[in-house]
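Each chain, letter by letter, is given below.
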Amino acid sequence: MSDITSSTTDDLTRRLTHARYPRSSRYDARWTIENQMGPHALWLLEWLAPALGLAELRPGARVLDLGCGRAMTSVFLAREYDVQVTAADLWVRPDENAPRIAEAGVADRVLPVFAEAHDLPFGEGSFDAIVSIDAYQYFGTNDLYLPTLTRLLKPGGRIGVVVPALREEIDGTAPPEQLQRFWEPDFWCFHSAAWWRRHWTRSGAVAVETADWLTDGWRDWLLWCEVVAEHSTDDFHVRMAGQCAEMLRVDQGRALGFVRVVGRRL
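No experiment lies behind these values; they were computed from the predicted model shown.

Parameters at a glance
- Residues numbered from 1 in each chain as written.
- Predicted model: local features only at pLDDT ≥ 70, side-chain atom pairs only at ≥ 80, totals over all residues.
- Heavy atoms only, no water.
- Helix = DSSP H or I, 4+ residues; strand = E, 2+ residues; numbered from the N terminus.
- Buried < 20%, exposed > 50% of the residue type's maximum accessible area, 1.4 Å probe, protein only.
- Contact = heavy atoms within 4.5 Å.
- Areas by Shrake-Rupley, 256 points an atom, 1.4 Å probe, with all protein chains shown as cover.
- Lys, Arg positive; Asp, Glu negative; His and termini not counted.
- Charge placed at Lys NZ, Arg CZ, Asp CG, Glu CD.
- Salt bridge = Lys/Arg side-chain N within 4 Å of Asp/Glu carboxyl O.
- Polar contact = N/O pair within 3.5 Å; in protein donor to acceptor, adjacent residues only side chain to side chain.
- Arc of directions from axis to C-beta.
- pLDDT = per-residue confidence, 0-100.
- Phe/Tyr/Trp six-rings, centres within 6.5 Å; stacked < 30°, edge-to-face > 60°.
- Lys NZ or Arg CZ within 6 Å of the ring centre and 35° of its normal.

Asker: So what about the overall build of the protein? Which residues, and what values?
Answerer: Counting its regular elements, the protein contains nine helices and seven strands. Principal-axis analysis of the C-alpha atoms places the extent of the protein at approximately 50 × 45 × 30 Å. Here the protein holds 266 residues, and 57% of them are scored as buried. For the protein, long-range pairs separated by at least 24 residues make up 74% of all intrachain contacts whose partners lie at least 6 apart in sequence. When the accessible surface of the protein is summed, it comes to about 11,800 Å², and 50% of that surface belongs to carbon and sulfur atoms. Once the 28 positive and 37 negative side-chain charges of the protein are each reduced to a mean point, those two points are 5 Å apart.

Here it is as structure tokens:
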């Protein structure tokens, strides 16, 4: 599609028009479904944006989008904030993302790269900001990771992430009772806002400016899963979204949701 900003008024668009995310609501609903790889990445990025100060960045500022997936967030950053984005991902190769970026009209502002989070091919102080949406939990729980990553920021630059999270930390080794039949070992990388604040603070790499919970974020997550399960053309995503929706309906926000964390390089 040449224009990813939606002008349609069909039922799907109405379902995904969200008062909390006015910028995201302008994007074509079917485009977001076709390119999703989990929770609604544009909604999560729009929630992160004010805490990260994206609107304060100068035009052309350099932003690393770490774990960009199919580059929806990179396109959003370039279009909405007029920044230069390095769209880094391990699972989706640059030659897959490049046509999508060009189709969105931001090939001059988004550079797709193939990169693993522990082996990033960038120099110290390369970026004004680092963003990671629904990816940082896979590598950022390591106590030694954040100081290595933040060396890529200019002094005073900010890093901001949004991750699937727990309302409260879990004691012991068993998941919450209502989630036992859904729980996978990977879910142990989900943590509370307090855990993330402590984790980043004691790294000594950043001053934590924000670490908070998205109120009713589970409802947004559930709505998105229901829409993907109904409208995706990818059987795998239909199945995964359906399973996730069932889990969220059972949990009802008691345990699962989203946390955003923002820190400034010291």
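Asker: Lay out the side chain of arginine 100 in plain terms, naming residues and giving numbers.
Answerer: Secondary-structure assignment places arginine 100 in helix H5 (residues 94-103). Although arginine 100 is buried, it forms no salt bridge, and the closest oppositely charged side chain is glutamate 96 at an N-O distance of 5.5 Å. At a separation of 2.8 Å, a polar atom in the side chain of arginine 100 contacts the main-chain carbonyl oxygen of arginine 70. Look past the residues within four positions of arginine 100 in its chain and what remains in contact with it is Trp31, Asn35, Arg70 and Val92.

Asker: I'd like a rundown of helix H7 (residues 193-201), residues and numbers included.
Answerer: Restricting attention to buried positions, one finds in H7 the residues Ala193, Trp195, Trp196, His199 and Trp200. Along the long axis of H7, the arc covered by the buried residues comes to 155°, so they all point the same way. Packed against the buried residues of H7 are helix H6 (145-150), strand S5 (153-166), strand S6 (206-213) and strand S7 (256-265).

Asker: Provide a residue-level description of the pattern of salt bridges, including the pertinent values.
Answerer: Under the definition given, this model contains 18 salt bridges. One salt bridge connects aspartate 220 with arginine 20, and the closest N-O pair in it is separated by 2.7 Å. Separated by 200 residues along the polypeptide, aspartate 220 in helix H8 (residues 217-231) and arginine 20 in the loop between helix H1 (11-15) and helix H2 (29-34) bring together distant segments of the chain. Since its relative accessible area comes to 34%, arginine 20 is described here as partly exposed. Where aspartate 82 meets arginine 109, a salt bridge forms, and the shortest distance between an N and an O atom there is 3.7 Å. Placement of the pair is aspartate 82 in the loop between helix H4 (72-81) and strand S2 (84-89) and arginine 109 in the loop between H5 and strand S3 (110-114), with a sequence separation of 27 residues.

Asker: Requested: an account of the confidence of the model for the protein, with residues and values cited.
Answerer: The predicted structure's coordinates, where accompanied by low pLDDT, should not be read in detail. Chain-level pLDDT for the protein is 96 on average; 97% of the residues reach the 70-or-more range. Element-level pLDDT for the protein is lowest in H1, with a mean of 92, against a maximum mean of 99 in strand S1 (residues 62-66).

Asker: Could you give an account of the packing of aromatic side chains, with specific residues and numbers?
Answerer: The final tally for this structure, using the stated rule, is 17 aromatic pairs. For the pair tryptophan 221 and phenylalanine 258, a centre-to-centre distance of 4.7 Å together with 40° between the ring planes defines the contact as tilted. Taken together, the residues tryptophan 221 in helix H8 and phenylalanine 258 in strand S7 connect sequence positions 37 residues apart. Three or more aromatic residues joined by ring pairs make a cluster, and in this case those are Tyr136, Phe139, Tyr145, Trp195, Trp196 and Trp200. The cationic tip of arginine 93 hangs over the ring face of phenylalanine 114; the distance from NZ or CZ to the ring centre is 4.5 Å.

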